[in-house]
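Residue-level structure breakdown
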Amino acid sequence: MDEARETCLNHLADGLSEHGWMTFDASSFLGPRLLQALAAEVMLLESTDAMKKAGVGRGSDHVQDRSIRRDRIAWLQGITSPQAALFENFERIREGLNQRLFLGLKRFECHYATYRPGDFYRKHLDSFRGRASRVVSLVLYLNEDWQPEDGGELCIFNRDSEHEMCGLVLPEAGRMAVFLSEEIPHEVLPANRTRFSLACWFRQDEVPLPL
């Protein structure tokens, strides 16, 4: 497993350095049992209405705007066994990216996301340029037997020409997309069935900002 993790980290660093984004199958990095446990946890949260409508902006600028995004989220605290195991792996990613790319990442934050049929998230960046807060974005998908006709793809756009799509990621279980938060515009297309994912941001700041 350690060799597989090192290979994934090398692949991840190369993709971010060359293209600003990349995608790969994270099953060998995280392991199938953890992926299944995370999927079961987010589905339980969805079934018990524990997911909250997501908004845009932070602090006093945080608003819910269903013309921009319609997903529901639940922040992870690392307190359940699957979350604790996931946090250990994300810490390895943080350390690995710092060692390879000298990014100065100090912490990470993450939440589950549910997109019900018809939900979407319009094209956006995950961080304002120059803020040095969110630096690397990661999305992990938790959907078994996801088919192209189910929709819900992640569209990745060219950082030098934001109207040019350069990638389309099917949200199938174990698929991970990683990209530079300030540079890569992206969009979530409407899903035709309920779609589960987990989003994580690796940050350079030490003190959390208001959510």
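Thresholds, definitions, all that
Residues numbered from 1 in each chain as written. Predicted model: local features only at pLDDT ≥ 70, side-chain atom pairs only at ≥ 80, totals over all residues. Heavy atoms only, no water. Axes fitted to C-alpha atoms, helices over the stretch in contact; angles between N-to-C directions. Helix = DSSP H or I, 4+ residues; strand = E, 2+ residues; numbered from the N terminus. Parallel < 35°, antiparallel > 145°, perpendicular 65-115°, else oblique. Left-handed = near helix turned anticlockwise from the far one by under 90°. Contact = heavy atoms within 4.5 Å. Nonpolar A, V, L, I, M, F, W, Y, C, P; charged D, E, K, R; others polar. Salt bridge = Lys/Arg side-chain N within 4 Å of Asp/Glu carboxyl O. Buried < 20%, exposed > 50% of the residue type's maximum accessible area, 1.4 Å probe, protein only.

Notes on the packing of helix α3 (residues 32–47) against helix α4 (residues 81–101)
Relative to each other, α3 and α4 sit at 125°, their axes nearing to 9 Å. Judged by the inter-axis angle, α3 sits oblique to α4. The crossing of α3 and α4 is left-handed. Contacts between α3 and α4 pair Leu34, Ala37, Leu38 and Glu41 from the former with Pro82, Gln83, Ala85, Leu86 and Asn89 from the latter. Taken together, the residues of the contact of α3 with α4 break down into six nonpolar, two polar and one charged.

Topic: the pattern of salt bridges
The tally for this structure, following the rule as stated, stands at 13 salt bridges. A salt bridge links Asp49 to Arg116; the nearest nitrogen and oxygen atoms lie 3.9 Å apart. Within this pair, whereas Asp49 is found in the loop between α3 and β2 (52–53), its partner Arg116 is found in the loop between β4 (107–115) and β5 (121–124), the two being separated by 67 residues in sequence. Take Arg116: its relative accessible area is 26%, and that puts it in the partly exposed class. The salt bridge involving Arg94 is made with Glu91; its shortest N-O contact spans 2.5 Å. With Arg94 and Glu91 both in helix α4, this residue pair falls three residues apart, about one helical turn. By relative accessible area, Arg94 is classed as buried at 14%. Sharing partners across several salt bridges, the network here consists of Arg107, Glu109, Arg134, Arg203 and Asp205.

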